[in-house]
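Working through the structure, step by step
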Amino acid sequence: MVRATLVLLILIPISAFAEGERNLPAERFGIEHLTEYIGMRPDDIGFRTDYAEPDSFRLEVVADLMARPLNVIDYATDLKNGHINGQPEIMAQYLFKQTAREGQAYRDDAYRADISEIQANYTLHYNDVTFSQILTRAAVYLDVTFSRSLDKSLALLSRSERRFLREEFRELLVLRVEDELLPIEQIDSLEKVEERYCEQFLTFGHKVNKDPLLDAGVNCLRELLLEINSLRSQLKSGAVSSKSVLEGTGFLPDNANLEAYLGLQTGWKVGGPGNDYYNGDYKFIFDFGGDDIYDLSYDPANPHGVIIIDLSGNDSYRAQSDFVFGSGCFSVGFLMDFEGNDRYDSRSFSLGSGYFGMGVLYDAAGDDWYSGDTHVEGAGTFGIGLLIDEGGRDVYNGAVCTQGFGFTEGVGVLYDLAGSDNYFAGGKYKATIHYDDHYNSLSQGCGYGIRPYVSGGIGALIDLQGHDNYQSDMITQGAGFWRALGLVYDSCGNDQYNGFQYAQGSGTHMALGVLIDDHGNDVYFGKGLMQGCGHDYACGLILDRHGDDTYTAYDLSQGAGSANGAGLLIDNLGNDLYTARETKNTRGYGNPRRDFGSIGLFIDLGGTDQYHGNGKNDHYWRLDSKWGAGMDIELNPLPGQEAKK
Amino acid sequence: MSTALRKVMFKAGLTTLILIVAASPGLCQQTLRKKIDSLFMIASSAELKVRDQVEPAKDSIAALGVDAVPILVGKLGTKSARDRWTVIQILKKIGSPAVPHLVKTLKNPDALIVQRVCWALGDIGDSAAVDPLIAVTSHSKWQVREQALGALGDIGSERASEAVVSGFDDEVGQVRKAAVVSSGEIGVSVAISRLVHMLGDEFYGARLSAIDALLKMDTSEVTIIVADSLTSANSLVGDLGCTVLGRIGGDRALEILVGEAQGGDPSRRAHALLAIIEADPLDNCGYRETIVSDETDRFVLLKINSAIYSVTHAGKETQE
């Protein structure tokens, strides 16, 4: 143990600093060193804002990072460190800041409700002060703040424009299995319909002001969690019991109007420690325990806030419609489950989905199973979608736009703190444009916009511990498409990444895609436009800091720039194995477009490495391309290991 | 049938005939547009299922010739990159007959259209477009300036030399890059010293393109000017100057490079040494041993060894 600690103490400075006196992170040194080798500078990796007509939806963060893409390493690190255990409101607040539009001068506040707006309507039913406080705060937000804040957010929109957002705009994200069988004329017609939707949206989309609603969501989460944690502490210490909390006034007259009693009104339910069953469209559920079943539904035509709090038990959440379980659809939706091995079966726009709103699914413990279709498991569109899972070995399944997906003015984050997890995305909607046998994923840290109409958002998947398995297909695992940012940050464990194309640190069309893996012996596998590939004024970066890693790709990968993009593969330490089938466009390759080249950088800073394809251990190389290079050096050699003359 | 009725019928028939004749160009145009739209849907499709039909569809539209040009130009405002590529490819296939209409379109108020027309004119490569293209090299939109300069390079007419050189001073890197590339394409010899200066340009596209452009010029003159610029305060000029000299090769270039290889800056030494190996891969001049034995920087040494390995294994797979 002592020896292991000592080794760690020695290794950490080696990996963190290069060349002693220069005090640079290793990867930064590597980039400076290799760019100098080819007559470039790190700042050459940067993009203008005006290659194409700008729209008003690009996020400030994306704009800043496109100007200085290498700053994304620090950005991703901040995001990774942004969560504090047991306090999802902090991450929510952080993400709210990320949703600022480019050039946005100020952020609008939520509607400030007066407590008297609630006190006048309800009589307290439960005797426990803390519990009543929870109910009161929830009522303020559910009855007043969310709806008034939504009014502020959509104040400038007509009724038909609001309906458009609820219906047609949503179609821009929804795919259909049967579409793959359509003849070319109908496909063309569908594309034209989508183009018309985009053009129609552009006429009024700028009037959407998501801030009041999101601010309301953040405030609600913060205030509620304060009270919930207080109640949980009391329950844990034995100061109160669920039975004592649930004791009401003891007497309700036969003709009592339940709507006047806080916690008993329509759409509200308080469940005891036994196994409960909930069925319908609820606004508020507080369940003290037991293995519960939630068969819930939601009608987007009648938007409202939803708060579900389940303190313990192995629960089963079964969606009866879209927009449930931590889903904010033109409102705010929270699902907080504090204990148990839970199963979440959803449809679309669920499980931490913010669609013109804020959706948070917070699961504090247990081995959980998540399943959904589209826009699920940390997905945001004009809003925030956040899924935080703090413990256990979890399984995540989704079809498309899932597991950290950010669409226009949206941020979607999946944050898993512990356990060896399985992530699967794809397998349902074929990517018929390119392949007969591959599927759209748009997942696992994917920022996506519709080219060339509307900029994308920020999609991030962060996993702190465990040996994880990432399985996906097209546009995935740290992928940005059209003025967007997609990122994966995995801190520990021996992980496996399997994607097919536009994956594993891939930026396409003025976007940024990054995959950072700190520790572990990892395996990266896929076909092309991946493992550090930037296409069309875009940047793709893969950074693996430690471990003996295996990289396999076919083409245009592993530090490849295409169409004036920049692609970087950086591996700091470990004995690695690199395989690439195509030698003409991998590992330090750039191709020309618009009469000038792209940037491809392949950087390995330590270990004894094996190469199939371009490259060699202890070697610098350049391909016949414009422009790029590769290097395998020993950044901090042990005595006697220095290069021989 | 009464005479009066006959007269009425004659008049009605005549009127119909006149109307048909008057409307026929419009009808023809409408038919042509429908035909092109129908073919274009396939020509611009990315769908796997019609992949084999894409090129024939483009050829069919191109075969319609000059009549198709206005309709194609009408599509140049498209937001679809694939549609834009398709239009330009078809215009290129039509070739010179398309030029007069395209030149007229350079006056279009929509900069996006103008930019794409410049691109098409460059691809066609007809010198009739040179003067109209020069006229838009001072367009307010940098994208138009970039495309116009690029097109002038593609056409390769010396008439454009002055306009191209003036592009070196543009505030936008992409435009300077286009000027650099085109100066090489055209062979603007008066631009050599400016091109050497461009080796230190802040935009990498202009900087690295300047290497290729210089190699297309009178290399003896380039060698002299590069040698004079090696002490530039902008180290990129000297570093990339070494690269240029390495590619030019010859005794004079090697002599200069050997001097640079003995300097104090490891980066400069590396650039000079790699250039020497490129210029004299077989070490016919016998510089290598001296150079290597004097070098102390481990990264520079590794670069040298890697370069030697590459030239000695040229043509062989660099697999390990």
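Described in the following lines is the structure provided in the data block. (Residues numbered from 1 in each chain as written. Chains lettered and ligands numbered in written order. Predicted model: local features only at pLDDT ≥ 70, side-chain atom pairs only at ≥ 80, totals over all residues. Heavy atoms only, no water.)

What about the overall build of chain B?
In terms of regular secondary structure, chain B is built from 18 helices and zero strands. Looking at chain B residue by residue over its 320 residues, the buried ones come to 52%. Within chain B, contacts between residues at least 6 apart in sequence are counted, and of these 62% link residues at least 24 apart. When the accessible area of chain B is evaluated, it comes to approximately 14,800 Å², of which 54% is carbon and sulfur surface. (Helix = DSSP H or I, 4+ residues; strand = E, 2+ residues; numbered from the N terminus. Buried < 20%, exposed > 50% of the residue type's maximum accessible area, 1.4 Å probe, protein only. Contact = heavy atoms within 4.5 Å. Areas by Shrake-Rupley, 256 points an atom, 1.4 Å probe, with all protein chains shown as cover.)

Regarding the nonpolar core
Membership of the largest hydrophobic core comes to 290 residues, with the highest contact counts inside it found for Phe131, Leu165, Phe169, Phe284 and Leu485 of chain A together with Leu133 of chain B. Top contributing element to this core by residue count: helix H7 (residues 129-153) of chain A, with eleven residues. Among all residues touching leucine 165 of chain A, those that are not within four sequence positions of it are Leu154, Leu157, Arg170, Phe201, Phe204, Val208, Phe330, Tyr355 and Phe356 of chain A. (Core = buried A, V, L, I, M, F, W, Y, C linked by side-chain atoms within 4.5 Å.)

A word on the pairing of strand S44 (residues 599-604) of chain A
Residues and elements named next belong to chain A. Within S44, six of the six residues are buried, which leaves the element mostly enclosed by the surrounding structure. Judged by which residues are buried, S44 turns out to be covered on both faces: Ile599, Leu601 and Ile603 on one side and Gly600, Phe602 and Asp604 on the other are all buried. One ladder, built from six bridges, connects strand S41 (residues 566-571) with S44; its direction is parallel. Its bridge partner being in S44, aspartate 571 is matched across the sheet by aspartate 604. (Pairing = 2+ DSSP bridges.)

Let's talk about the sheet that holds strand S28 (residues 479-481) of chain A
Residue and element names in this part refer to chain A. Taken in spatial order, the ten strands make up an open sheet running S9-S12-S16-S20-S24-S28-S32-S36-S40-S43, and their pairing is parallel. Bordering the open sheet on either side are strand S9 (327-329) and strand S43 (589-590), each of which pairs with just one other strand. Here three bridges tie strand S24 (residues 446-448) to S28, and the two strands are oriented parallel to one another. Residue pairing across strands places glycine 447 opposite glycine 480, the latter belonging to S28.

Quick notes on the interface of chain A and chain B
Chain A puts 61 residues into the contact, and the matching count from chain B is 51 residues. At the boundary of chain A with chain B, total buried surface from both sides reaches about 4,600 Å², with 55% on carbon and sulfur atoms. For the pair chain A and chain B, the number of links is twelve residue pairs in polar contact (both at pLDDT 80 or more). Of all elements in the fold, only helix H2 (26-37), helix H10 (184-202) and strand S46 (619-621) of chain A reach the threshold of two or more residues within the side of chain A that touches chain B. (Buried area = accessible area lost by both parts, 1.4 Å probe. Polar contact = N/O pair within 3.5 Å; in protein donor to acceptor, adjacent residues only side chain to side chain.)

Points about the packing of aromatic side chains
For any two aromatic rings, the description comes down to two numbers: the centre-to-centre distance and the angle of the planes. Residues and elements named next belong to chain A. Counted according to the given criterion, the structure contains 57 aromatic pairs over all chains. With a centroid separation of 5.6 Å and 85° between ring planes, the pair formed by phenylalanine 164 and phenylalanine 204 is classed as edge-to-face. Within this pair, whereas phenylalanine 164 is found in helix H8 (residues 159-166), its partner phenylalanine 204 is found in the loop between H10 and helix H11 (211-237), the two being separated by 40 residues in sequence. Neither residue differs from the other here; phenylalanine 164 and phenylalanine 204 are each classed as buried. Between the aromatic rings of tyrosine 355 and phenylalanine 356, the centroid separation amounts to 4.9 Å while the plane-to-plane angle is 85°, which identifies the pairing as edge-to-face. Overall, tyrosine 355 belongs to the buried group, its relative accessible area being 0%. We classify phenylalanine 356 as buried; its relative accessible area is 3%. The ring of tryptophan 369 carries arginine 343 above its face, with NZ or CZ at 4.0 Å from the centroid. (Phe/Tyr/Trp six-rings, centres within 6.5 Å; stacked < 30°, edge-to-face > 60°. Lys NZ or Arg CZ within 6 Å of the ring centre and 35° of its normal.)

Focus: the pairing of strand S13 (residues 358-363) of chain A
All names here are of chain A. Among the six residues of S13, six are classified as buried, and the element is accordingly described as predominantly covered. Burial along S13 is two-sided: Met358, Val360 and Tyr362 and Gly359, Leu361 and Asp363, pointing in opposite directions, are all buried. As paired strands, strand S10 (residues 332-337) and S13 are joined by six bridges and run parallel to one another. Paired with aspartate 337 across the bridge in S13 is aspartate 363.

Topic: the environment of methionine 40 of chain A
Relative to the assigned elements, methionine 40 of chain A resides in the loop between H2 and helix H3 (60-67). Along the backbone, methionine 40 of chain A and glycine 628 of chain A are 588 residues apart, and their C-alpha atoms lie at a distance of 9.7 Å. Setting aside anything within four residues of it in sequence, one finds methionine 40 of chain A in contact with Thr35 and Ile599 of chain A together with Tyr204, Arg207 and Leu208 of chain B.

Section: unusual backbone geometry
Residue and element names in this part refer to chain A. Here arginine 451 and proline 452 are connected by a cis peptide whose omega angle stands at -5°. Cis geometry marks the peptide bond from lysine 626 to tryptophan 627, where omega comes out at -15°. For methionine 510, which is not glycine, the phi torsion reads 55° and is therefore positive. Here methionine 510 shows up in the loop between strand S32 (506-508) and strand S33 (512-517). Judged by its relative accessible area of 9%, methionine 510 is buried.

Details of empty space enclosed by the protein
Considering all chains together, one arrives at four cavities of 30 Å³ or more under this definition. Lining of the largest cavity is provided by 15 residues; of these, Val306, Ile308, Phe323, Val324 and Phe325 of chain A occupy positions nearest its centre. Every element with two or more residues in the lining of the largest cavity is listed here: strand S7 (306-310) and S10 of chain A. In this structure, the second largest cavity spans a volume of roughly 60 Å³. What lines the second largest cavity is Leu273, Ile276, Ile277, Asp280, Asp283, Tyr287, Arg288, Ile291, Val292 and Ile304 of chain B. For the lining of the second largest cavity, the elements supplying multiple residues, two or more each, are helix H16 (266-279) and helix H17 (288-294) of chain B. The class makeup of the residues in the lining of the second largest cavity is seven nonpolar, no polar and three charged. (1 Å grid on protein atoms, 1.4 Å probe; cavity = no way out; pocket = protein on both sides within 12 Å on 5 of 7 lines; lining within 4 Å. Points joined across faces, edges and corners; volume = space filled by probe spheres on them. Nonpolar A, V, L, I, M, F, W, Y, C, P; charged D, E, K, R; others polar.)

Considering helix H8 (residues 142-155) of chain B
Residues and elements named next belong to chain B. In a regular helix each residue adds 1.5 Å, so 14 residues correspond to 20 Å; H8 covers 20 Å between its end C-alpha atoms and thus fits that length. Within H8, 13 of the 14 residues are buried, leaving the element largely enclosed by the surrounding structure. Looking one or two residues past H8, glycine 156 carries a phi angle of roughly 80°, positive in sign. (Expected span 1.5 Å × (residues − 1).)

Thoughts on the side chain of arginine 483 of chain A
Residue and element names in this part refer to chain A. Tracing the backbone shows arginine 483 in the loop between S28 and strand S29 (485-490). The buried charged residue arginine 483 lacks any salt bridge partner; its closest oppositely charged side chain belongs to aspartate 55, at an N-O distance of 4.2 Å. Those residues in contact with arginine 483, other than ones at most four positions away along the chain, are Thr49, Ala52, Glu53, Pro54, Asp55, Arg58, Val62, Ser455, Gly456, His509, Met510 and Ala511. (Lys, Arg positive; Asp, Glu negative; His and termini not counted. Salt bridge = Lys/Arg side-chain N within 4 Å of Asp/Glu carboxyl O.)

Some words on the packing of helix H4 (residues 72-80) of chain A against helix H5 (residues 88-98) of chain A
All names here are of chain A. Orientation of H4 relative to H5, taken along the N-to-C sense of each, is 150°, at an axis distance of 11 Å. With respect to H5, the axis of H4 lies roughly antiparallel. On the side of H4, the interface is formed by Tyr75, Asp78 and Leu79, while H5 contributes Met91, Tyr94, Leu95 and Gln98. Among the residues making up the contact of H4 with H5, the classes are represented as five nonpolar, one polar and one charged. (Axes fitted to C-alpha atoms, helices over the stretch in contact; angles between N-to-C directions. Parallel < 35°, antiparallel > 145°, perpendicular 65-115°, else oblique.)

A closer look at the pattern of salt bridges
Close approach of charged atoms allows side chains of opposite charge to pair. All names here are of chain B. Scanning all chains against the criterion turns up 42 salt bridges over all chains. Two residues, lysine 75 and aspartate 37, come together in a salt bridge whose shortest N-O distance is 2.7 Å. Here aspartate 37 lies in helix H1 (residues 3-43) and lysine 75 lies in the loop between helix H3 (69-74) and helix H4 (81-94), a separation of 38 residues in the sequence. For arginine 269, the salt bridge identified is with glutamate 295, shortest N-O distance 2.7 Å. Residue arginine 269 is located in helix H16, and its partner glutamate 295 is located in the loop between H17 and helix H18 (298-312); the two are separated by 26 residues in the primary sequence. Overall, arginine 269 belongs to the buried group, its relative accessible area being 11%. You can call glutamate 295 buried: its relative accessible area is 3%.

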